[in-house]
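The lines below spell out each chain.
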Amino acid sequence: MQNGTSSVSTTERPPRRLARLVSLAIGFGIVVLLLGWQWYEGRTQQNALREEIVRRMRDTETDSRDARLVARQVQDALHETQAKLAQLELKLAESRDRQLALESLYQDLSRNRDEWVLAEIEQILTLASQQLQLAGNVRAALVALQTADARLARSRSPQFLPLRKVFARDMERLKAAPGPDLADIASRLDQLAASVDSLPLAQDARPSAASKIDPARGQDGFWERLGGGLLGELKQLVRIQNTERADPVLLNPSQVFFLRENLKLRLLNARLALLARDDATYRSDLKAAAGWLERYFDTHSRATSTAIGSLNRLGAGSASVSPPSIAESLAAVRSYKPQQRREP
């Protein structure tokens, strides 16, 4: 019986060993598969990271190209502005040349007192007419007519009464003129352009501080003060604020610089359109400037809200209203001088 038992046990041992070897082989295979899977995952993540880095480098290159394009556009706008300023300076130079020519003409006039007065009035009205046509300066034209009328009144000559009546009609038209004060509007646009660098951006805005604990709570007991203090600290952990608009656009320093410079160019272009009485360009530039302020700058700031209000009020006006002319008074003075020469 013992021999039979030992023979059975010896026949059972090899299958057990084989099972153990198979289980070890399976475990080793599973470990190899896990290691292979981890290697594959790491390789996949590495490739994804490499692709992300390449994509971001391409985006950076695209942004740099856009920045260079904007810089070129700004330079072109500056060249156009300089060309317009050169044209205005040329007109002013022509006005100065005319003034010098008139002064040389006055030196050749006779010493007749009435002719001298008329020449002086003609010079005053010519300069006032140029200011009225170029800059729409109604106040300067009105002051010139008042000065000319006072000059004729001091001469106490009855022959100047028809001229004074013509002056009076032009003065009434200037006083009733509904046109805007272009000089004041241009000055306000210059002030807005100068304040662009100090306006805060929307991305730099900070939420308002939470309300402080009521000082009257110091009269409560220890546990009430402790509970109130803990509640106040918990309220500081979470702060909710309604911005009342979409998330602010995030700009890098170079984009902030170009944004402020483009906003200044918009205001300068609106000023030139105002002097040229181009109402469409004037309104379009003011509307674009106000839109940029509302989108990129902190509208909760007092300076920004004041600037937006000023732009809206200026945009509500018109730059195309033609002021009345003083050509009738100037023509009356010029036509009066030959008559005066023929009378003697």
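Please refer to the structure higher up on the page.
Fair warning: this is a prediction, and the values are worked out from it, not measured in the lab. Numbering of residues starts from 1 in every chain and runs along the sequence as written. It should be noted that, the model being predicted, local features are given only for residues of pLDDT at least 70 and side-chain atom pairs only at 80 or more, the latter also being counted only at that level, while totals for whole chains, interfaces and linings use all residues. The basis for every side-chain value is the complete set of non-hydrogen atoms in the structure, without hydrogens or water.

The next subject is the overall build of the chain. Secondary structure elements follow DSSP: runs of H or I of four or more residues count as helices, runs of E of two or more count as strands, with numbering from the N terminus. Looking only at helices and strands, the chain features 10 helices and 0 strands. Of all 344 residues assigned to the chain, the portion counted as buried reaches 27%. Two residues qualify as a contact provided that any one of their heavy atoms is within 4.5 Å of a heavy atom in the partner residue. Put simply, 78% of the contacts in the chain that link residues at least 6 apart link residues at least 24 apart. Where accessible areas are quoted, they stem from the Shrake-Rupley method and a 1.4 Å probe; at the residue level, only the protein chains shown are allowed to cover. Carbon and sulfur atoms make up 56% of the accessible area of the chain, which amounts to about 23,700 Å² in all. Each residue's exposure class comes from its accessible area (1.4 Å probe, protein chains only) as a fraction of the maximum for that residue type: buried when under 20%, exposed when over 50%, partly exposed otherwise.

Comment: axis = line fitted to C-alpha atoms, over the contacting stretch for helices; angle = value between 0 and 180 degrees taken between N-to-C directions. In the contact formed by helix α8 (residues 279-296) and helix α9 (residues 302-316), the axes pass within 9 Å of each other and the chain directions differ by 160°. Taken as axis vectors, α8 and α9 run roughly antiparallel relative to one another. Every pair of crossing elements has a handedness; the one defined by α8 and α9 is left-handed. Residues Y282, R283, L286, A289, A290, L293 and E294 of α8 form the contact with α9, whose own contacting residues are T304, A307, I308, L311, N312, L314, G315 and A316. In this scheme, roughly parallel covers angles under 35 degrees and roughly antiparallel covers those over 145, while 65 to 115 is roughly perpendicular and the rest are oblique. If you view the pair so one helix is near and one far, a crossing is left-handed when the near helix is turned anticlockwise from the far one by less than a right angle, and right-handed when it is turned clockwise.

α8 packs onto helix α7 (residues 253-275) with a crossing angle of 155° between their chain directions and a minimal axis gap of 8 Å. Taken together, the axis directions place α7 and α8 in an arrangement best described as roughly antiparallel. Judged by the twist between their axes, the crossing of α7 over α8 is left-handed. Here L259, N262, L263, R266, L267, N269, A270, A273 and L274 of α7 lie close against α8, whose contacting residues are T281, Y282, D285, L286, A288, A289, W292, L293 and Y296.

Moving on: the pattern of salt bridges. Criterion for a salt bridge: a side-chain nitrogen of Lys or Arg within 4 Å of a carboxyl oxygen of Asp or Glu. The tally for this structure, following the rule as stated, stands at 13 salt bridges. A salt bridge links R151 to E120, with the nearest nitrogen and oxygen atoms 3.2 Å apart. Here R151 is found in helix α3 (residues 138-155), whereas its partner E120 is found in helix α2 (residues 113-134), with 31 residues between them in sequence. Since its relative accessible area comes to 18%, R151 is described here as buried. Each of E52, R55, R56 and D59 takes part in salt bridges that share partners, so that together they form one network.

Here we come to helix α4 (residues 161-175). By this rule, a helix spans an expected 1.5 Å times one less than how many residues it contains. If you check α4, its first and last C-alpha atoms are 21 Å apart, about what 15 residues at 1.5 Å a residue would give, namely 21 Å. For α4, the set of buried residues is L163, V166, F167, D170, M171 and L174. Down the axis, α4 shows its buried residues gathered within 140° of arc, on one side only. Across α4 from its buried face, at more than 90 degrees, point the exposed residues P162, K165, E172 and K175. For this quantity, the arc is that covered by the directions from the helix axis to the C-beta atoms.

This part is about the packing of aromatic side chains. Only the six-membered ring of Trp is used, alongside the rings of Phe and Tyr, when aromatic pairs are assigned; centres must lie within 6.5 Å, and planes under 30 degrees apart are stacked while those over 60 apart are edge-to-face, with the rest tilted. One pass over the structure, following the stated rule, counts 2 aromatic pairs. Considering the side-chain rings of W37 and Y40, the 6.0 Å spacing of their centres and the 35° angle between planes classify their relative orientation as tilted. One end of the pair is W37 and the other is Y40, both in helix α1 (residues 2-107) and 3 residues apart, which spans about a single turn. With a relative accessible area of 46%, Y40 lands in the partly exposed category. Seen from their ring centres, F257 and F258 are 5.5 Å apart, and the 65° between their planes marks the pair as edge-to-face. F257 sits in the partly exposed class, given a relative accessible area of 48%.

In this section: α9. The end-to-end C-alpha distance of α9 is 21 Å, a good match for the 21 Å that 15 residues give at a rise of 1.5 Å each. Listing the buried residues of α9 in full gives T304, A307, I308, G309, S310, L311, L314 and G315. Against α5 (182-194), α7 and α8 lie the buried residues of α9.

Ranked by size, the top nonpolar core spans 28 residues in total, and within it L189, L267, Y282, L293, F297 and L311 carry the most contacts. Secondary-structure elements contributing two or more residues to this core are α5, α7, α8 and α9. Per element, the largest residue contribution to this core is 7 residues, and it comes from α7. Those residues in contact with L267 that sit more than four places away from it in its chain are L189, L192, A193, V196, A289 and L311. Residues belong to one nonpolar core when they are buried, are Ala, Val, Leu, Ile, Met, Phe, Trp, Tyr or Cys, and are joined through side-chain atoms within 4.5 Å.

Taken together, the side chains of L18, V22, I26, I30 and L34 make up a nonpolar region of the molecular surface, amounting to roughly 470 Å² of accessible area. Note that L18 resides in helix α1. Put simply, a patch holds well-exposed residues, over 30% relative accessible area, that have no salt bridge, with like charges counted together within 9 Å and Val, Leu, Ile, Met, Phe, Trp or Tyr side chains within 5 Å.

Structurally, D285 can be placed in helix α8. Excluding its chain neighbours within four sequence positions, the residues that come into contact with D285 are R266, N269 and A270.

Moving on, we come to the side chain of R260. Note on placement: R260 falls in helix α7. Neither His nor the chain termini are counted; the positive set is Lys and Arg, and the negative set is Asp and Glu. For R260, which is buried and forms no salt bridge, the nearest opposite charge comes from D197, at a distance of 4.9 Å. Side-chain atoms alone can form a polar contact between residues adjacent in sequence; in general such a contact is a pair of N or O atoms within 3.5 Å, and within protein one must be able to donate a hydrogen while the other accepts it. At a separation of 2.5 Å, a polar atom in the side chain of R260 contacts the main-chain carbonyl oxygen of V196.

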